[in-house]
Amino acid sequence: MNQVATPSEFLGKLRTRLRRAALHLAPGTAVDDALFEDLEGQLLQADVGIEATRQLLARLRARAGHLRDTGALRAALSDEIAALLAPVARPLVVGTGAKPFVILAAGVNGVGKTTTVAKLARRFQAASQQVMLAAADTFRAAAIEQLQAWGARQNVPVIAQAPGADPAAVAHDAWHAAHARGSDVLIVDTAGRLHTQGNLMEELRKIRRVLAKLDAAAPQERLLVLDAGTGQNALRQIEQFHAAVEVSGLVVAKLDGTAKGGILIAAAQRFGIPIRYIGIGEQADDLEEFSSHAFAEALVDGDMAS
Ligand SMILES: Nc1nc2c(ncn2[C@@H]2O[C@H](COP(=O)(O)OP(=O)(O)OP(=O)(O)O)[C@@H](O)[C@H]2O)c(=O)[nH]1
Ligand SMILES: [Mg+2]
């Protein structure tokens, strides 16, 4: 069902899902300073960020003598983006250590955490792994119900308590339940908004502390979910969550809803944190393992619209 896509399948899906490519190079134009200037504007517009844009342009200019036309430049740009992203294209591997392997899903309000948790559950299930979910966003009753609904649809057990319960206590109970059942993976959904940002970070730290008392390695993955449309503010989110829980992997959700996928490049260049998956839709299947090459191709060359 939800098998890992081959690179070309992945590229095909990405190209149809990304609204349009972020970077366009009209065919037949001379490769000159004006073109580089235009490209610089496009990179910044696509949220690639100042530092990564500078780095990419420097590498392209160094190759400019060999770039006869925009077709060659386009290929070179895609290459350079892929090279910049390659170090962060490290898939999430569920270790063979103590069970359960715990994934703590974090991120600000509305970025797509709960949906990503459900998509991950589906993915692990398809790989014949036993999954359990923990509804540790107890801030809103609707958040608990949303996760329970996904669980019911996919036949995945969800450990929950009443709204207002201590999220760390939910995580604690869920770990024991997953351990007792021999579950392979426990995914903990968390709140995106509390009364203050400080409360949110403190709560995440507490969940992590409580899990670490049960298994010193847990939560093995601290996954930060970002909304691809957030722009440069995503970099601040990475900084803040990293300070709180040492983010070990990123998911960039909602790439289908934006033409600005460049934030992945900015994040890769700045932090070097592995990008595990990208979200490209609202359905349980709309999660793909991140591929640097396919992503670079889709970003530069995927213009189906114009
Ligand atoms: N188009 C698109 N929509 C997405 C994607 N991921 C999530 N969404 C939508 O984004 C909205 C918010 O998703 P949630 O998963 O509830 O986000 P959340 O981070 O859990 O939100 P809070 O719990 O309120 O902080 C929902 O309408 C989702 O369907 C994606 O990859 N693509
Ligand atoms: Mg949620």
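Keep in mind that what you see is a predicted model, and the values were worked out from it rather than measured.

### A short note on the confidence of the model for the chain
For the chain, the average pLDDT comes to 91, and 93% of its residues sit at 70 or higher. Confidence drops under a pLDDT of 50 for residues 302-306, and excluding neighbours within four residues, the segment shows nine contacts in the predicted structure.

### Description of helix H5 (residues 113-126)
Between the first and last C-alpha of H5 there are 20 Å, a value that for 14 residues agrees with the 20 Å anticipated at 1.5 Å per step. Those residues of H5 not exposed but buried are Lys113, Thr114, Thr115, Thr116, Val117, Ala118, Lys119, Leu120, Ala121, Arg122, Arg123 and Phe124. Positive phi shows up at Ser128, right after H5, with a value of about 60°.

### A closer look at the sheet that holds strand E4 (residues 185-190)
Read across the open sheet, the eight strands follow the order E3-E2-E4-E1-E5-E6-E7-E8; overall the sheet is mixed. Sheet topology places strand E3 (158-159) and strand E8 (287-289) at the edges, where each strand pairs with a single neighbour. Two elements, strand E7 (residues 275-279) and E8, share three bridges in a ladder whose sense is antiparallel. Note on E8: the bridge partner recorded for Gly279 is Leu287. The strands touched by H5 are strand E1 (101-106), strand E2 (131-136), E4, strand E5 (221-227), strand E6 (249-253), E7 and E8; relative to E4, the strand with the most contacts, the crossing angle is about 170°. In this fold helix H9 (residues 233-245) packs onto E1 and E5, with an angle of close to 160° to the strand it touches most, E5.

### Structural notes on the pairing of E5
When you tally the buried positions in E5, you get seven out of seven residues, the bulk of the element. By the alternation rule, side chains of E5 split into Glu221, Leu223, Val225 and Asp227 and Arg222, Leu224 and Leu226, which are all buried. In this sheet, E5 lies alongside E1 in parallel orientation, the contact comprising four bridges. Bridged to Ile103 within E5 is Glu221. Across five bridges, E5 lies against E6 in parallel orientation. Counted as the bridge partner of Leu226 is Val252 from E6.

### Regarding the environment of Gln42
Among the structural elements, Gln42 can be located in helix H2 (residues 33-45). Gln42 gets classed as partly exposed once you count the C-beta atoms within 10 Å, which come to 19. In contact with Gln42, not counting residues within four places along its chain, are Leu23 and His24.

### Focus on the pairing of E2
Of all six residues in E2, six are buried; the element is thus mostly enclosed. Here E2 shows no split at all, with Val131, Leu133 and Ala135 on one side and Met132, Ala134 and Ala136 on the other all buried. Pairing analysis gives six bridges linking E2 to E4, with the strands arranged parallel. In the strand pairing of E4, Ala135 is matched with Asp189. Pairing of E2 with E3, which is carried by two bridges, proceeds in the parallel orientation. Following the sheet pairing, Leu133 is matched in E3 by Val158. Note that the unit made of E2, helix H6 (residues 141-154) and E3 has a crossover that is right-handed.

### Re H2
Since the α-helix advances by 3.6 residues per turn, residues separated by three or four positions end up pointing in the same direction. End to end, H2 covers 18 Å across 13 residues, agreeing with the expected 18 Å (1.5 Å per residue, within 8%). Once H2 finishes, Asp47 follows within two positions and takes phi at roughly 75°, a positive value.

Criteria and cut-off values
- Residues numbered from 1 in each chain as written.
- Chains lettered and ligands numbered in written order.
- Predicted model: local features only at pLDDT ≥ 70, side-chain atom pairs only at ≥ 80, totals over all residues.
- pLDDT = per-residue confidence, 0-100.
- Contact = placed C-beta atoms within 7 Å.
- Helix = DSSP H or I, 4+ residues; strand = E, 2+ residues; numbered from the N terminus.
- Expected span 1.5 Å × (residues − 1).
- Buried ≥ 20, exposed ≤ 12 C-beta atoms within 10 Å, placed from the backbone.
- Pairing = 2+ DSSP bridges.
- Axes fitted to C-alpha atoms, helices over the stretch in contact; angles between N-to-C directions.
- Right-handed = clockwise from strand over helix to strand, strands pointing away.

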